[in-house]
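Coordinate analysis (summary)
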Amino acid sequence: MSTLRSPRRFPLLPIGRIDRYILRQIGFGLVAVTGGLTVFIWLTQSLRFIGLIIDRGLSLGVFLRLTGLLIPSFVAVVLPITIFVVVQFVYQRLATDRELTVMRAAGLSPWRLARPALLLSVVVCGLEYGLTIWVVPASIGAFRQFQFEIRNRLAAVLLQEGVFTPITKGVTLYIRSRRPDGTLRGILLEDERQPRAATTILAESGRLIAGPTGPRVVLENGSRQQIDRRTGRLNVLTFKENTLDLGESSATRAQRFRDASEVGLAALLHPDPMLVAARDIPSWKAEAHRRLAEPLTAISYTLIALVSVLTGGFRRQGSLLRPFVAVLVMVGMVALWLAANNLAARQSALLPLIWVAAIGPGLVAGWLLLGPRILPAGFGFRLFSRS
């Protein structure tokens, strides 16, 4: 004779067929929506670098490599939002198709119905931690280093015949032709790095060589022309060979400065006062707390979506009010998250606001969804009857 066992309030294992059914729909939707939104953002942001192809003559491969380094940061930003959208859509569709009504009639509690979405939100939270702490800082650092190399070093190698090519700020180079061995013919170089001593150089031939601070050009059989600002006379100096540095000026030849978005978590929590200005320390600490708190928003936003679908009574005709309110709440939470980060970046005493904006909505939504399951029966009646 079998004995009856009281069902557990929060069964965790095993994952049943219903869990796999809902989890499969949310998982496929999350991959599709995140991928589509990431591609859209990538396309819009890539337009900023079209000028590198047109002005600098970069190849398509270099362009894709440069912009592809930004994709991890796009994914990290959109994941918490897309999981809210997908959970809201999938559960709303289940409610519209009466599937949730059947599941509730079969005795499944709101916790049991919410379990697949919460499980996926925990997985997304773990993925977000991997992105925000390791992948995104590394990819942003590689992106900015590659961009620095293109602007200050590689651009001189990617010269086009018959085109005025801006090498660095204030330096423009024109070549009539370029031989297979790398020899340049018919060179015109305009150097305006020092506005009061602008120089125009003409040379019959030349070649590019690597230098410690960037590319250099060795000019042969040419002339150097410069206008004397005091007398207005044109000074011309002829030469047989002249070497000119095409890198940045001495003020920018130092090592590239790394900002808060591309350094590790330890450096953000304990910034070196020798490298970081005192006014920038609050923003560095705010960046560290943002990386630690942002993945938790995936769980909070998932709970907000679940509350809008799994709480309240079910209507045969359906209702658009609760999804609409959930979207408004979600927009407010995103605005609150951005505001908390901006305030904490200015004043370190406001760093707890970042955690409140990340965890607070989830705690409230979790209480609305699971609170009645935690409280003993009649607790609410006894509580209000005493007042």
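Throughout what follows, the structure given in this document is the object of discussion. (Residues numbered from 1 in each chain as written. Predicted model: local features only at pLDDT ≥ 70, side-chain atom pairs only at ≥ 80, totals over all residues. Heavy atoms only, no water.)

Description of the overall build of the protein
- Of the regular secondary structure elements, the protein holds 12 helices and six strands.
- If you take every contact in the protein between residues at least 6 apart in sequence, the share linking residues at least 24 apart comes to 62%.
- Carbon and sulfur atoms make up 64% of the accessible area of the protein, which amounts to about 22,100 Å² in all. (Helix = DSSP H or I, 4+ residues; strand = E, 2+ residues; numbered from the N terminus. Contact = heavy atoms within 4.5 Å. Areas by Shrake-Rupley, 256 points an atom, 1.4 Å probe, with all protein chains shown as cover.)

As for helix H10 (residues 321-346)
- Taking 1.5 Å per residue as the helical rise, H10 with its 26 residues ought to reach 38 Å, and the 38 Å between its terminal C-alpha atoms agrees with that figure.
- Those residues of H10 not exposed but buried are Pro323, Ala326, Met330, Met333, Trp337, Ala340, Asn341 and Ala344. (Expected span 1.5 Å × (residues − 1). Buried < 20%, exposed > 50% of the residue type's maximum accessible area, 1.4 Å probe, protein only.)

Observations regarding the pattern of salt bridges
- Considering all chains together, one arrives at nine salt bridges under this definition.
- Between Glu287 and Arg290 there is a salt bridge, with the nearest N and O atoms lying 2.8 Å from each other. Separated by three residues within a single helix, Glu287 and Arg290 lie in helix H8 (residues 281-293), roughly one turn from each other. (Salt bridge = Lys/Arg side-chain N within 4 Å of Asp/Glu carboxyl O.)

Here's the deal with the side chain of Gln88
- Note that Gln88 resides in helix H4 (residues 71-96).
- The class of Gln88 is buried, set by a relative accessible area of 8%.
- Excluding anything up to four places from it in sequence, Gln88 contacts Ala305, Ser308, Val309, Pro323 and Ala326.

A closer look at the pairing of strand E3 (residues 184-191)
- Note that strand E2 (residues 171-178) and E3 share seven bridges and pair antiparallel. Residue pairing in the sheet places Leu173 in a bridge with Leu189 of E3. (Pairing = 2+ DSSP bridges.)

So, helix H3 (residues 60-68)
- Along H3, the positions that sit buried rather than exposed are Phe63, Leu66 and Thr67. Axial view of H3: buried residues confined to an arc of 90°, hence all on one face. (Arc of directions from axis to C-beta.)

Description of the packing of H4 against H10
- Their axes nearest at 12 Å, the elements H4 and H10 cross at an angle of 175°. When the interaxial angle is binned, H4 and H10 end up roughly antiparallel. Taking contact as the criterion, the partners of Pro80, Ile81, Phe84, Gln88 and Gln92 in H4 are, on H10, Pro323, Ala326, Val327 and Met330.
- For the contact of H4 with H10, a count of residues per class yields seven nonpolar, two polar and no charged. (Axes fitted to C-alpha atoms, helices over the stretch in contact; angles between N-to-C directions. Parallel < 35°, antiparallel > 145°, perpendicular 65-115°, else oblique. Nonpolar A, V, L, I, M, F, W, Y, C, P; charged D, E, K, R; others polar.)

Describing the environment of Asn242
- Among the secondary structure elements, Asn242 is positioned in strand E6 (residues 234-245).
- Separated by 18 residues in the primary sequence, Asn242 and Arg224 place their C-alpha atoms 9.5 Å from one another.

Points about the packing of aromatic side chains
- Counting across every chain of the model gives one aromatic pair.
- For the ring pair Phe164 and Tyr174, a centre distance of 4.8 Å and an interplane angle of 35° mean the geometry is tilted. Linking Phe164 in the loop between helix H6 (110-152) and strand E1 (165-168) with Tyr174 in strand E2, this pair joins segments that are 10 residues apart in sequence. (Phe/Tyr/Trp six-rings, centres within 6.5 Å; stacked < 30°, edge-to-face > 60°.)

Considering a nonpolar patch on the surface
- Nonpolar side chains collect at one region of the surface, where Leu321, Phe324, Val325, Leu328 and Val329 lie side by side and expose about 470 Å² of accessible area between them.
- Structurally, Val325 is set in helix H10. (Patch = residues over 30% accessible without salt bridge, like charges linked within 9 Å, V, L, I, M, F, W, Y side chains within 5 Å.)

Some thoughts on the side chain of Thr199
- With respect to the secondary-structure elements, Thr199 resides in strand E4 (residues 199-211).
- Discounting residues that sit within four places of it in the chain, Thr199 has contacts with Leu189, Glu190, Asp191, Arg224, Gln225 and Gln226.

Let's talk about the pairing of E1
- With three bridges joining them, E1 and E2 adopt antiparallel strand pairing. When the bridges of E2 are listed, Pro166 appears paired with Thr172.
- Between E1 and E2, which pair antiparallel one after the other, the connecting turn spans two residues, and Gly170 there sits at a positive phi close to 95°.

Quick word on the nonpolar core
- Within the largest apolar cluster, 51 residues are counted, with the highest numbers of intra-cluster contacts made by Ile26, Val87, Tyr91, Leu100, Leu306, Leu310 and Leu369.
- When residues of this core are traced back to their parent elements, those giving at least two are helix H1 (17-46), H4, helix H5 (99-105), H6, H8, helix H9 (297-310), H10 and helix H11 (352-374).
- Here this core takes 11 residues from H4, the largest share from any one element.
- Once you skip the residues sitting within four places of it in the chain, Tyr91 turns out to touch Ile22, Ile26, Leu100, Leu113, Ala114, Pro116, Ala117, Leu306, Val309 and Leu310.
- Ranked by size, the runner-up nonpolar core spans 15 residues in total, among them Leu173, Ile175, Phe239 and Leu246. (Core = buried A, V, L, I, M, F, W, Y, C linked by side-chain atoms within 4.5 Å.)

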